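Listed below, chain by chain, are the residues.
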Amino acid sequence: MEQTVRKVYVGNYSDLPERIGKTVVLEDKEIAVFKLTSGKLHAIENRCPHKGGVLSEGMVSGEHVFCPLHDWKINMTDGLVQAPDEGCVQTFDVVQEGEEVYVKVPENEA
Amino acid sequence: MEKQKLVLIGNGMAGIRTIEEILKLLPDQFDITVFGKEPYPNYNRIQLSKVLQGDTELKDITLNEWDWYEDNGIRLYPGETVTKIDKDNQVVYTDKGKETAYDKLIIATGSNPFMLPLPGVDKEGVTAFRDIEDCEKMIEYSEKYKRAAVIGGGLLGLEAARGLLNLGMEVDVIHIADYLMERQLDRAAGKLLQQELEKQGMNFLLEKQTAEITGKKRATGLKFKDGGKIPADLVVMAVGIKPNVAMAQESGIEVNRGIVVNDHMETNVPNIYAVGECAEHDQMVYGLVAPLYEQGQALAKHICGMNHQGYKGSVLSTQLKVSGVDVFSTGLINETENTKSIKVFDEWRNTYKKVLVEDDKLTGAVLFGDTSEGSKLLSLIKKGADVEEYLESESSADDGADVVASMSDDELICGCNGVSKGAIVDAIKSDGLTSVEEIKGATNASRSCGTCKSLVSDLLTHTLGDEYAGNEKETICACTDLSRDEVIAEIKEKGLTHTKEVMNVLEWKTEEGCSKCKPALNYYLGMVYPKEHEDERESRFVNERLHANIQKDGTYSVVPRMYGGVTNAEDLRTIADVAEKYDVGMIKLTGGQRIDLLGVKKEDLPDVWKDLGMPSGSAYAKSVRTVKTCVGAEFCRFGTQDSTGMGIQLEKKFEGLNTPHKVKMGVSACPRNCAEGGIKDVGVVGLDGVWEIHVGGNGGTELRQAELLAKVKTQAEVLEYTAAFLQYYRENASYLERTSHYVERVGIEHVQDVVNNDEMRKELSERMDEALSVYKEPWNDVIESETTLKDLYEKVNAN
Ligand code: SRM
Ligand SMILES: Cc1cc2nc3c(=O)[nH]c(=O)nc-3n(C[C@H](O)[C@H](O)[C@H](O)COP(=O)(O)OP(=O)(O)OC[C@H]3O[C@@H](n4cnc5c(N)ncnc54)[C@H](O)[C@@H]3O)c2cc1C
Ligand code: SF4
Ligand code: FES
């Protein structure tokens with residue numbers, strides 16, 4: 001079994017708002033893409049490990065996003081839920097080609 | 001050893017209190033039997049006026065539940081009257097043929113209402129005001145008839161009258177003296193009281209003596225000695241009480257006005273005691289619970305064989321429980337040749353105070369309008385304090401704590417519930433209590449009439465010292481060591497304009513704050529600089545950023561503005577069409593009289609709003625939510641004011657206002673309060689010619705009843721006072737502090753002082769107008785902004 005990676009276009013870098021999540025809808029899941037104050041981009045699975053809250057609507061502070069449903073705090077770099085809660089979300093690589101921003105989504109091919 | 005048989009006649013307040021005291025001292029000593037004429041467990045007679053208003057049930061005023069009797073092994077015979085005492089054989093007999101032997105017998109039969117022996121007094125529709133049954137009768141009458149006459153302008157009569165007004169009746173109060181409550185008040189206070197009650201809609205006929213109750217079978221009116229007459233379907237007799245002593249007297253116990261007892265509450269017959277309103281001690285018969293509870297305590301100690309000095313008589317105090325009127329009196333009330341008086345009449349705030357002094361000692365006081373000094377005066381007068389002590393205490397700031405400091409441990413703080421200073425101090429220390437509310441829950445202190453609240457609070461300060469006064473500093477969140485007040489002071493002083501700037505300059509411990517401090521700072525900045533501050537959407541919780549309420553599955557709900565809960569056919573049709581077009585999951589009527597469309601997809605929100613063409617209902621925001629209204633004068637048979645119109649005006653004025661937490665309002669057109677103003681942040685109640693504004697209510701997590709802020713005459717004033725209140729709340733509450741918590745924290749008196757001050761109210765209103773001036777209807781704002789639509793509502797579809 002080989003894993004391929006699909007590049008999904010998110011938008012132009014300068015069009016992405018700071019500290020506001022962008023929702024990317026795929027067939028089987030959603031990804032939340034964030035542009036931080038530092039200018040860095042992060043992409044995580046748009047689904048809180050607690051009860052499925054949409055993380056793209058969370059409040060962004062530094063490298064963290066707070067889930068809008070019950071305020072779990074999640075690190076966008078490694079996907080880890082911060083104490084006292086536990087869990088993790090999948091993270092995705094983001095690449096920038098010129099102005100264009102892409103997320104790299106691993107896909108399992110038969 | 002066989003237990004001693006203790007029998008109590010009278011399942012009322014004094015008798016049961018005595019039993020409680022006995023159980024505290026010697027829990028297993030007695031085999032206890034209680035006979036009570038009324039078919040209920042012991043209830044709080046003081047609160048009957050609440051039952052009369054029709055909104056309180058027996059269970060709410062029950063003091064000892066059925067379980068209590070059972071748990072304490074007490075045999076209770078409710079609805080059974082003792083008819084005879086055989087003092088020689090130590091047996092009592094009841095109307096149901098029971099014989100019960102006693103070793104010790106307590107008579108606590110209370111009083112009977114005094115019914116004037118007028119012609120017609122036995123007609124239907126004539127009642128006293130003493131027990132549950134009387135209240136039920138009055139409520140029933142109020143549903144059928146319109147006019148009530150209350151004979152007697154004393155404490156009881158006025159409470160009855162207020163209750164009947166609340167029940168929607170027109171009420172005449174007939175009083176024999178030339179001013180009200182002449183036994184508790186002097187003329188000046190009596191007249192002020194009358195003015196106040198007239199404003200509430202009571203009508204007074206003073207210096208009138210009733211000659212006859214007219215009517216055939218049923219009362220239809222009153223005739224007076226001077227020839228005048230009035231119509232009345234319900235006649236409430238509230239002219240006084242007389243001790244209920246007939247049975248005791250017939251059984252051969254010494255009776256004068258009441259059953260005569262000594263300092264140990266012993267009658268002239270061995271092993272028989274009397275306590276409460278039926279007892280006469282030192283030629284005094286009392287009609288208030290405080291002295292009765294003191295008697296009960298003394299009797300309990302005596303029966304339990306404790307060494308005790310006995311009961312030495314009581315200094316009385318009176319507090320009127322009629323809504324919105326603060327009246328207090330204690331000790332002597334009228335000047336004599338030997339007294340000097342200190343009088344303060346503040347015509348501006350309509351308050352009056354008189355303190356009487358004889359031989360340099362305080363002997364009595366009357367307060368009207370502001371009764372905050374009541375408990376202090378009572379305490380000083382009880383201990384026979386020097387006038388100088390009072391005057392000094394008046395000028396020193398921490399006077400309250402001094403008064404409680406000087407009290408002995410067994411001195412009562414809460415007269416109604418008989419809670420001593422010692423008991424409260426013990427509870428504070430052993431249970432780690434830190435608030436008046438907690439003390440109330442743990443000890444009952446301040447639970448009945450509330451006179452002693454300030455003393456309880458002083459005692460808290462006195463006991464906990466700086467801990468209580470200086471209370472641990474509350475920081476905004478873990479990102480900073482600064483409190484809300486400190487942060488706001490810095491914002492103002494340093495002219496900080498952005499949350500990030502605040503965090504940088506004030507050395508936040510985290511890089512960009514957290515979900516607690518970000519929205520809080522954004523709010524504070526907007527509050528301090530309403531015009532200049534640019535709202536930060538990324539510091540807003542999702543609901544406020546997207547102007548819709550997020551659901552568990554990531555869809556949203558949409559609640560269009562529906563001013564005052566009033567809608568029309570066209571709007572309903574539009575809502576129905578939109579619901580169908582966007583296939584909303586559920587259409588629901590909300591608790592706040594609005595329509596909620598649930599399950600709307602985020603990307604559909606702007607189109608839904610566009611199709612609705614209605615303003616946002618702010619159902620998601622820390623903002624003014626809904627103004628619920630009742631039908632009001634236009635349609636309702638009880639309505640006195642245009643409540644819907646008032647509610648719509650309020651909602652239009654304050655819509656979109658940013659507040660520390662959500663603000664809900666209600667406007668009703670009579671005291672039935674169908675819009676539930678009693679549990680709203682702002683609850684407006686229209687009475688005849690008057691609007692009452694209540695604030696600080698909450699129907700949510702912690703139920704809290706709103707408190708009266710002010711009474712005003714016009715709709716314009718309602719808007720102005722509400723504006724001042726809300727602006728003061730905006731400027732002083734912490735973010736996420738509801739008005740209920742805020743008002744509880746600072747005290748309604750403080751808020752009243754601010755809002756009722758003309759100068760301050762004007763300034764607050766102006767600042768409110770400034771805050772309101774920047775409001776932009778958010779849904780429309782979104783629809784019109786390309787970038788907002790793109791940034792916030794569009795998803796990237798990568799399928
Ligand atoms: C829609 C409604 C229930 C309904 O279907 O009737 C409702 C729905 C919610 N209420 Fe409520 N409340 C609703 C009336 C009430 C009421 C009754 C009222 O307003 O008359 C109360 C008690 C009254 C009060 O607030 O004093 C009420 C007390 C609360 C509280 C507790 C507030 C408190 O101070 O204790 C919360 C939690 C909060 O705000 O932090 C809350 C929070 C919520 C939230 C917003 C939960 C959330 O944060 O997501 C609910 C949104 C559900 C959703 O998925 O859309 N809701 N909620 C009612 C909308 C009223 C309206 O027309 O605007
Ligand atoms: C409307 C109202 C408002 C009041 N407001 C206040 C206030 O604000 N502050 C205050 O301090 N006081 C107030 N009072 C007065 C206070 O309620 C009384 O002082 C107190 O209840 C008296 O207690 P008691 O035990 O002596 O009598 P009660 O509470 O009347 O108890 C006596 C009981 O004995 C029963 N009984 C009588 N005879 C017999 C018998 N032969 N066999 C068996 N049972 C019998 C009676 O039915 C009654 O239930 C108010 C009273 C009323 C009516
Ligand atoms: S009571 Fe209010 S907050 Fe609780 S589930 Fe119902 S709507 Fe939601
Ligand atoms: S779903 Fe995210 S915190 Fe509960």
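The rules behind each value
- Residues numbered from 1 in each chain as written.
- Chains lettered and ligands numbered in written order.
- Predicted model: local features only at pLDDT ≥ 70, side-chain atom pairs only at ≥ 80, totals over all residues.
- Heavy atoms only, no water.
- Helix = DSSP H or I, 4+ residues; strand = E, 2+ residues; numbered from the N terminus.
- Contact = heavy atoms within 4.5 Å.
- Areas by Shrake-Rupley, 256 points an atom, 1.4 Å probe, with all protein chains shown as cover.
- Buried < 20%, exposed > 50% of the residue type's maximum accessible area, 1.4 Å probe, protein only.
- Lys, Arg positive; Asp, Glu negative; His and termini not counted.
- Salt bridge = Lys/Arg side-chain N within 4 Å of Asp/Glu carboxyl O.
- Polar contact = N/O pair within 3.5 Å; in protein donor to acceptor, adjacent residues only side chain to side chain.
- Near = heavy atom within 4 Å.
- Nonpolar A, V, L, I, M, F, W, Y, C, P; charged D, E, K, R; others polar.
- Buried area = accessible area lost by both parts, 1.4 Å probe.
- Pairing = 2+ DSSP bridges.
- Axes fitted to C-alpha atoms, helices over the stretch in contact; angles between N-to-C directions.
- Expected span 1.5 Å × (residues − 1).
- pLDDT = per-residue confidence, 0-100.
- Core = buried A, V, L, I, M, F, W, Y, C linked by side-chain atoms within 4.5 Å.
- Arc of directions from axis to C-beta.
- Parallel < 35°, antiparallel > 145°, perpendicular 65-115°, else oblique.
- Disulfide = S-S within 2.5 Å.

1. Notes on the overall build of chain A
Across its full length, chain A holds zero helices and nine strands. For chain A, the α and β elements follow one another from N to C terminus as β-β-β-β-β-β-β-β-β. Looking at chain A alone, contacts between residues at least 24 apart form 41% of all its contacts between residues at least 6 apart. Surface exposure of chain A reaches about 5,200 Å², of which carbon and sulfur atoms provide 43%.

2. Focus on the overall build of chain B
Assigned secondary structure in chain B consists of 29 helices and 37 strands. Relative to its 799 residues, chain B shows a buried fraction of 54%. Surface summary for chain B: the accessible area is close to 35,400 Å², and the carbon and sulfur share equals 46%.

3. Details of the side chain of B:Lys421
Residues and elements named next belong to chain B. Mapping lysine 421 onto the fold places it in helix 13 (residues 421-431). There is no salt bridge for the buried lysine 421, and the closest opposite charge comes from aspartate 409, which lies 4.4 Å off by N-O distance. In terms of polar contacts, lysine 421 uses its side chain to reach the backbone carbonyl oxygen of alanine 405, at 3.5 Å. Aside from chain neighbours lying at most four places away, what touches lysine 421 is Val404, Ala405, Met407, Ser408, Asp409, Glu411, Ile413 and Leu459.

4. Quick look at the site of ligand 1
All names here are of chain B. Around ligand 1 lies a shell of 20 residues, among which Thr590, Gly591, Lys662, Lys664 and Thr701 are the nearest. Glycine 591 has a polar backbone atom sitting 2.7 Å from an oxygen atom of ligand 1. The backbone of glycine 592 places a nitrogen or oxygen atom 3.1 Å from an oxygen atom of ligand 1. Each residue belonging to the shell around ligand 1 can be placed in one class, and the counts come to one nonpolar, twelve polar and seven charged.

5. Some points on the interface of chain A and chain B
Taken residue by residue, the interface counts 28 residues in chain A and 32 residues in chain B. With both chains or domains summed, chain A and chain B bury close to 2,500 Å², and 51% of this area falls on carbon and sulfur atoms. In terms of surface lost to chain B, no three residues of chain A exceed A:Ile20, A:Glu57 and A:Met59, which account for 26% of the buried area on that side. At the junction of chain A with chain B, the criterion picks out six salt bridges. Between B:Lys795 and A:Glu30 there is a salt bridge whose closest N-O contact spans 3.8 Å. The interface formed by chain A and chain B contains 14 residue pairs in polar contact (both at pLDDT 80 or more). The set of elements that each furnish at least two residues to the side of chain A that touches chain B consists of strand 1 (2-12), strand 2 (22-25) and strand 5 (59-61) of chain A. Taken together, the residues of the side of chain A that touches chain B sort by class into 14 nonpolar, five polar and nine charged. When strand 2 of chain A meets strand 37 (residues 796-797) of chain B, the two strands line up parallel, connected through two bridges. The partner of A:Val24 across the bridge, within strand 37 of chain B, is B:Val796.

6. As for the sheet that holds strand 16 (residues 234-237) of chain B
Residue and element names in this part refer to chain B. As summarised here, the arrangement of the five strands in space is 9-16-10-11-12, forming an open sheet in which the pairing is parallel. The two strands at the open ends of the sheet, each matched to only one other strand, are strand 9 (126-127) and strand 12 (203-205). Judged from the two bridges that link them, strand 9 and strand 16 form a sheet pairing that is parallel. Within strand 16, the residue paired with threonine 127 across the bridge is valine 236.

7. Quick look at the sheet that holds strand 28 (residues 549-550) of chain B
Residue and element names in this part refer to chain B. Overall, antiparallel pairing links the four strands, which are arranged 28-29-31-30 in an open sheet. Two strands lie at the open edges of the sheet, namely strand 28 and strand 30 (586-589), each paired on one side alone. Looking at chain direction, strand 29 (residues 556-558) and strand 31 (residues 595-600) are connected through two bridges and run antiparallel. Its bridge partner being in strand 31, tyrosine 556 is matched across the sheet by valine 600. Of the strands in this sheet, strand 30 and strand 31 are in contact with helix 21 (residues 569-581), which crosses strand 31 at around 15°. Lying on the sheet, helix 22 (residues 605-612) is in contact with strand 29 and strand 31; it crosses strand 29 at an angle near 10°.

8. So, helix 7 (residues 187-199) of chain B
An ideal rise of 1.5 Å per residue puts 18 Å on 13 residues; helix 7 of chain B measures up with 19 Å between its terminal C-alpha atoms. Backbone geometry just after helix 7 of chain B places B:Gly201 at a positive phi near 110°.

9. Describing the confidence of the model for chain B
Across chain B, the average pLDDT comes to 91, with 97% of residues at 70 or higher. Complex prediction metrics read pTM 0.53 and ipTM 0.70.

10. Section: the nonpolar core
Residue and element names in this part refer to chain B. If you look at the biggest cluster of nonpolar residues, it comprises 48 residues, and the most contacted ones within it are Ile85, Val92, Ile107 and Ile259. Those residues within four positions of valine 92 in sequence are excluded, and the remaining contacts are Val7, Ile9, Phe35, Val82, Lys84, Ile85, Lys98, Glu99, Thr100, Tyr102 and Leu105. Of all hydrophobic cores here, the second largest spans 43 residues; its members include Tyr43, Leu158, Leu180 and Leu320.

11. Considerations on helix 15 (residues 453-464) of chain B
Residues and elements named next belong to chain B. Taking 1.5 Å of rise per residue, the twelve residues of helix 15 would be expected to cover 16 Å, and the 17 Å separating its terminal C-alpha atoms lies within 8% of that figure. Within helix 15, the full set of buried residues consists of Leu455, Val456, Leu459, Leu460 and Leu464. Angularly, the buried residues of helix 15 cover 150° about the axis, an arc narrow enough to put them on a single face. At the C-terminal side of helix 15, glycine 465 shows a positive phi close to 60°.

12. Notes on the packing of helix 13 of chain B against helix 14 (residues 436-443) of chain B
Residue and element names in this part refer to chain B. Packing of helix 13 against helix 14 brings their axes to within 10 Å, and their N-to-C directions diverge by 105°. Regarding the angle of helix 13 to helix 14, the classification is roughly perpendicular. Between helix 13 and helix 14, the residues in contact are Ala423, Ile424, Ala427, Ile428 and Asp431 and Ile439, Ala442 and Thr443, respectively. Along the lines of polarity and charge, the residues of the contact of helix 13 with helix 14 split into six nonpolar, one polar and one charged.

13. Remarks on the state of the cysteines
Applying the stated criterion across every chain, the model contains zero disulfides over all chains. Considering cysteine sulfurs only, B:Cys477 is the nearest to B:Cys517, which forms no disulfide, with 3.7 Å between them.

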